[in-house]
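Here are the chains, one letter per residue:
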Amino acid sequence: DIAFASSLEMGDSVLGYSYHHDASVQQGQLPPSLGSVSNKQRPSLITKMPSYTGSVPLLQTAATHGGFVTTFPDDDGILRRSPMLIRYGNELYSSLSLEMVRLFFLIDEVGINMATIGDVEVVESITLGSITIPTDGEGRAIIPFRSKSPAFKYVSATDILEKKIDLGLFENKIVLVGATALGLS
């Protein structure tokens, strides 16, 4: 973990984490939030979660950035939207995709454009500088399933370590690093 933390400190890294409905599960460290939500404000449709599994504190401190990978299927079981924001306690957190794009475009703040409908606050859109991300009232964006699978190039970490890949391939790109199977510890 110490060697990995040292490499995370060398650049802009965003660690993924997840939220859970089971309030008994709470471990690891959350990244800094986007900001606080006052209890005096009107109720919001932004999903509120009771617990999380965050990153190992040493790694989260080294990376400084994080984004959740939690998403919820529609009632028919199909994934069409993904939350860009989740509320935990009185804090708002950004999704992994939102945080990666924010850092890639060197944007300091996430703008959350709200509207009042009756006595409820709803999200109209999210802004990153001049980029506007349309959302539904809960702050979820439609997932644009447009291309054939795989839509992105996959590169083996072993090929990188064995210098079989030109590192120029990663220049000016967002790179996701992860395991190939669920449940790896």
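Note that this is a predicted model, so its numbers are computed, not measured.

Turning next to the pairing of strand E9 (residues 91-94). Two strands pair when backbone bridges link them, and strand E3 (residues 35-36) and E9 are joined in this way by two bridges, in the antiparallel orientation. Opposite Ser-36, over in E9, you have Glu-91 as the bridge partner. Sheet topology places strand E8 (residues 85-88) next to E9; four bridges connect them, and they run antiparallel. For Tyr-88, the partnering residue across the bridge sits in E9 and is Glu-91. Two successive antiparallel strands, E8 and E9, enclose a turn made up of two residues, where Gly-89 displays a positive phi of approximately 60°.

Turning our attention to helix H3 (residues 96-104). Listed in full, the buried residues belonging to H3 are Leu-96, Leu-98, Glu-99, Met-100, Arg-102 and Leu-103. The elements touched by buried residues of H3 are strand E1 (13-20), strand E6 (64-68), E8, E9, strand E11 (120-128) and strand E12 (131-134).

Another aspect to go through is the sheet that holds E11. One open sheet accounts for three strands, arranged E10-E11-E12; its pairing is antiparallel. The open sheet is flanked by strand E10 (111-117) and E12, the only strands paired with a single partner. Mean inter-strand twist for the sheet, computed between neighbouring axes without regard to direction, equals 30°. As paired elements, E10 and E11 share seven bridges and run antiparallel to each other. Residue pairing for E11: Asn-113 is matched across the bridge by Ser-125.

The next subject is a nonpolar patch on the surface. A cluster of nonpolar side chains, contributed by Phe-104, Phe-105, Ile-174 and Leu-176, occupies part of the molecular surface with about 400 Å² of accessible area. Residue position: Ile-174 is located in the segment after helix H4 (157-161). Taking the relative accessible area as the measure of exposure, Ile-174 reaches 40% and is therefore partly exposed.

Let us look at the sheet that holds strand E4 (residues 48-49). Working definition: the strands of a sheet are paired by backbone hydrogen bonds and lie parallel or antiparallel to each other. Strand order across the open sheet formed by four strands is E3-E9-E8-E4, with mixed pairing between neighbours. Each end of this open sheet is capped by a strand with a single partner; those strands are E3 and E4.

Here we take up the pattern of salt bridges. Applying the stated rule across the entire model yields eight salt bridges. Taking the shortest distance from any N to any O, the salt bridge between Asp-74 and Arg-80 comes out at 2.9 Å. In this structure, Asp-76 engages Arg-80 in a salt bridge whose closest nitrogen and oxygen atoms are separated by 2.9 Å. Taking the relative accessible area as the measure of exposure, Arg-80 reaches 33% and is therefore partly exposed. One network of salt bridges, in which partners are shared, links Asp-74, Asp-76, Arg-80, Arg-81, Asp-136, Glu-138 and Arg-140.

Calculation rules
Residues numbered from 1 in each chain as written. Predicted model: local features only at pLDDT ≥ 70, side-chain atom pairs only at ≥ 80, totals over all residues. Heavy atoms only, no water. Pairing = 2+ DSSP bridges. Helix = DSSP H or I, 4+ residues; strand = E, 2+ residues; numbered from the N terminus. Buried < 20%, exposed > 50% of the residue type's maximum accessible area, 1.4 Å probe, protein only. Contact = heavy atoms within 4.5 Å. Axes fitted to C-alpha atoms, helices over the stretch in contact; angles between N-to-C directions. Patch = residues over 30% accessible without salt bridge, like charges linked within 9 Å, V, L, I, M, F, W, Y side chains within 5 Å. Areas by Shrake-Rupley, 256 points an atom, 1.4 Å probe, with all protein chains shown as cover. Salt bridge = Lys/Arg side-chain N within 4 Å of Asp/Glu carboxyl O.

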